[in-house]
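A closer look at the structure
Listed here are the chains, written in short residue letters.
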Amino acid sequence: MEKIAAENFAWIPDGRKRRVSYFYEPTIGNGNRRESQQISTTYNLIRSYNLHHYLDITRPTLADDSDLTQFHSPEFISFLRSVTPEYVDSARSKRFNLDEWDTPVFSGLFDYCRICAGGSICAAAKLNRHDADIVINWSGGMHRVKRDKACGFGYVNDVVLGILELLKVFKRVLYIDIGYYHGDAVQEAFNKTDRVMTVSFHKSGEFSHQRTGDIADYGVEKGEYYSLNAPLKNGLDDASFNTLFVPIIHKAMEVYQPEAIVLLCGPDSLSGDALGKFNLTIKGHAACLQYIRSLNVPLMLLGGEGHTLGNVARCWCYETAVAVGKELNDYCPIIVGDECFAPDYQLHIEANLVENLNTDGDIAKIKTTLLKQLSQVIHAPSVQFQDTPPISQVTEEAEEDMETR
C-alpha cells in the first residue's frame, strides 16, 4: 500500500480524516479542444487555490481492451481503436452513433477513451483497496454512452466500468446523478440487479413517447424499485432541488445501506449552461456533495457533461474544495488572465432571473412517489460473492510536481 502524506488528509465535521485522491492526466483530450480545456482549466484553478496540497494527485493507468469490453461490445471498441479523422467509415460511424457535433472523430480519440475509462477504473480500485476515502475523476462521467453507441460527447461509459470495478468488493453501490440529462445508459446497465441503485435528478423528457428517465421507470425483475428517477422541469433552483434531494437520498441510504457511492456532478445543471436549462448555483449544486460527504461512505466523484467552460471549472474546483473540507474565497487573482472567467473573475455564479417551472406541488408529488417506491425496496439486500473477480491491480503514479512532466 502506498504511503499517504499527512497533508493529503482533510478534516470532516465528525473529526475523522479523509484521504482524497484526484486522478488527472495532463494529456487528456489532445486533439479534442473541448475536453482538454475543461480538464486543464479545472486543474489550473485548483492549483491557483492551492488545493493540490490536500490531494493525492494520481496519474491513471490507461484502460485496455479487456477493461473496456467488460461493458462494451468488442466490435464497438475495435471501431473506436481504428477510426481516425483521415479515415471515417460513414456506415460504421452511423451504426455506432459518431457524428460531427455530438461525438466527433478527432486525432487521439482512442487514447482519450482509455484515459477516461482508466481514470474511473483506477479510482474504483483505490476505493476497493481502502487506499482513499474519496476519489475524483472529473474527466469521467460519460453516463449516456451505450454498449455500442457513443452519445453526449462520450465514447466509452466509464461510469458503468467504474461501478463494475466497485462491485468486486462492495456488496451494494448507490449511483446518484445530478446532471441535466438522464444517464439512461447507466440505468440500463443495472436495470435488472439489486446490487446497484441508481437515483437520477434530470430534465424531464421532451416527448410523450420518451420513457427513459420517467418517474414510472423504476427497474425490472430483480432490479425493480432500484432505479429512481426525478424528471424535473426547466428553471430548477437551489431551494426546490434541496427540498427533493435530501429526503430522497436520506431514505435511499436508510433502506439500501450502500457500501459505496458514485456521485456524478454534471455541471450542465448549472445556471448559464449553454445547453442545460436548470438554474442551480455552484453552491446549490455542491450542497449535494456536502450532504453525501457527511454520510462517511466511500465515495467516487465523476464529472459528466458541461457546456460553459468557466462554469465547469468553477464547479469542479469548488467541489474539489468541498471534498477536502476547505473554504474558498470568491476572488482568485491568479486566474484574471483567463477569459472564460470574465467579466467578474469570481468563483461563484448567480442564478438567472428565469421562472422555475417546478412548482412546490410538482416537487412534493415527485418526492412522495419516490419515497413510496423506496418503501418497496428490500432492506439492504444480501449478496453472494462466490464468483467475485479479482481487484484490478492497476499501477498509479503519484504526482509530486506535474510541471516537471
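Just so you know, these numbers come straight off a predicted model, no measurement behind them.

**Comments concerning helix 11 (residues 360-374)**
The terminal C-alpha atoms of helix 11, which comprises 15 residues, lie 21 Å apart, in line with the 21 Å expected from a rise of 1.5 Å per residue. Every buried residue of helix 11 is accounted for by Ile363, Ile366, Leu370, Gln373 and Leu374. Seen from one end, helix 11 has its buried residues packed into an arc of 100°, which puts them on one side. Those residues of helix 11 that are exposed and angled more than 90 degrees off the buried face are Asp360, Lys365, Thr368 and Lys372. At its buried positions, helix 11 is contacted by strand 6 (196-203), strand 7 (227-232) and helix 8 (238-256).

**Details of the layout of surface pockets**
In this structure, the largest pocket occupies an estimated 660 Å³ of space. Around the largest pocket sit 24 residues that line it, and His202, Lys203, Ser204, Gly205 and Pro231 are the ones nearest its centre. Listing elements by their share of the lining of the largest pocket, those giving two or more residues are strand 6 and helix 11. Looking at the lining of the largest pocket, the element that brings in the most residues is helix 11, giving four residues. When the residues that make up the lining of the largest pocket are grouped by side-chain class, the tally is seven nonpolar, nine polar and eight charged.

**Re the pairing of strand 7**
When you tally the buried positions in strand 7, you get six out of six residues, the bulk of the element. A two-sided burial pattern is seen for strand 7, the buried positions comprising Ser227, Asn229 and Pro231 on one face and Leu228, Ala230 and Leu232 on the other. Of the strand pairs in this sheet, strand 6 and strand 7 are connected by six bridges, and their pairing is parallel. By the bridge assignment for strand 7, His202 is matched with Pro231.

**Things to note about the pattern of salt bridges**
Tallying each qualifying case throughout the model produces 13 salt bridges. A salt bridge links Glu25 to Arg59; the nearest nitrogen and oxygen atoms lie 2.6 Å apart. Here Glu25, found in the loop between strand 2 (17-23) and helix 1 (33-48), pairs with Arg59, found in strand 3 (residues 56-59); they are 34 residues apart in sequence, far enough to count as distant. In this structure, Glu25 and Arg59 share a single accessibility class: buried. A salt bridge links Asp362 to Lys233, with the nearest nitrogen and oxygen atoms 3.3 Å apart. Highlighted residues: Asp362 in helix 11 and Lys233 in the loop between strand 7 and helix 8, separated in sequence by 129 residues. Bridged by salt links that share partners, the residues Lys146, Asp184 and Glu188 form one connected network.

**Details of the pairing of strand 4 (residues 134-137)**
Residue alternation in strand 4 divides its side chains into two sets, Ile134 and Ile136 and Val135 and Asn137, and both sets are buried. Strand direction decides the pairing type here: strand 4 and strand 9 (residues 299-302), joined by four bridges, are parallel. The residue of strand 9 that forms the bridge with Asn137 is Leu302.

**Quick notes on empty space enclosed by the protein**
Within the structure shown, the criterion is met by three cavities of 30 Å³ or more. What the largest cavity holds in volume is close to 70 Å³. As for the largest cavity, its lining consists of Tyr22, Phe23, Tyr24, Glu25, Ile28, Ile39, Pro60, Ile115, Asn137, Trp138 and Ser139. Class assignment of the residues belonging to the lining of the largest cavity gives a composition of eight nonpolar, two polar and one charged.

**Side note on the nonpolar core**
Counting 120 residues, the largest nonpolar core has Leu80, Ile163, Ile176, Met197, Phe201, Phe245 and Leu301 as the members making the most contacts within it. Element by element, the count of residues in this core is highest for helix 5 (residues 109-128), at 12 residues. Among residues more than four places away in sequence, those in contact with Phe201 are Ile176, Asp177, Ile178, Gly179, Ala230, Leu232, Phe241, Leu244, Phe245, Ile248 and Ile249.

**Quick notes on helix 9 (residues 282-293)**
Given a rise of 1.5 Å per residue, 12 residues ought to cover 16 Å, and the 16 Å separating the end C-alpha atoms of helix 9 matches this to within 8%. Among the 12 residues in helix 9, nine count as buried, and that is most of the element. All of the buried residues in helix 9 are Ile282, Gly284, His285, Ala286, Cys288, Leu289, Tyr291, Ile292 and Arg293.

**What to know about the environment of Lys367**
With respect to the secondary-structure elements, Lys367 resides in helix 11. Sequence spacing of Lys367 and Leu244 is 123 residues, and the spatial spacing of their C-alpha atoms is 6.0 Å. Once residues within four sequence positions are removed from consideration, Lys367 is found in contact with Thr243, Leu244, Pro247 and Ile248.

**A short note on the packing of helix 1 against helix 10 (residues 309-324)**
Helix packing geometry: the angle between the two helix axes and the distance between the axes. Running from N to C, helix 1 and helix 10 point in directions that differ by 45°, and their axes come no closer than 8 Å. Viewed along their axes, helix 1 and helix 10 adopt a mutual orientation that is oblique. You can see that helix 1 and helix 10 cross each other, and the crossing is right-handed. Contacts from Gln37, Gln38, Ile39, Thr41, Thr42, Leu45 and Ile46 of helix 1 reach helix 10 at Leu309, Val312, Ala313, Arg314, Trp316, Cys317 and Thr320. Residue classes in the contact of helix 1 with helix 10 are distributed as eight nonpolar, five polar and one charged.

**So, the confidence of the model for the protein chain**
Should pLDDT be low for a region, the predicted coordinates there are not to be read in detail. With 87% of its residues at a pLDDT of 70 or more, the protein chain has an overall mean of 89. Between residues 1-15, whose pLDDT stays under 50, and residues either more than four places distant or in other chains, the model counts 36 contacts.

About the criteria used
- Residues numbered from 1 in each chain as written.
- Predicted model: local features only at pLDDT ≥ 70, side-chain atom pairs only at ≥ 80, totals over all residues.
- Heavy atoms only, no water.
- Helix = DSSP H or I, 4+ residues; strand = E, 2+ residues; numbered from the N terminus.
- Expected span 1.5 Å × (residues − 1).
- Buried < 20%, exposed > 50% of the residue type's maximum accessible area, 1.4 Å probe, protein only.
- Arc of directions from axis to C-beta.
- Contact = heavy atoms within 4.5 Å.
- 1 Å grid on protein atoms, 1.4 Å probe; cavity = no way out; pocket = protein on both sides within 12 Å on 5 of 7 lines; lining within 4 Å.
- Points joined across faces, edges and corners; volume = space filled by probe spheres on them.
- Nonpolar A, V, L, I, M, F, W, Y, C, P; charged D, E, K, R; others polar.
- Pairing = 2+ DSSP bridges.
- Salt bridge = Lys/Arg side-chain N within 4 Å of Asp/Glu carboxyl O.
- Core = buried A, V, L, I, M, F, W, Y, C linked by side-chain atoms within 4.5 Å.
- Axes fitted to C-alpha atoms, helices over the stretch in contact; angles between N-to-C directions.
- Parallel < 35°, antiparallel > 145°, perpendicular 65-115°, else oblique.
- Left-handed = near helix turned anticlockwise from the far one by under 90°.
- pLDDT = per-residue confidence, 0-100.

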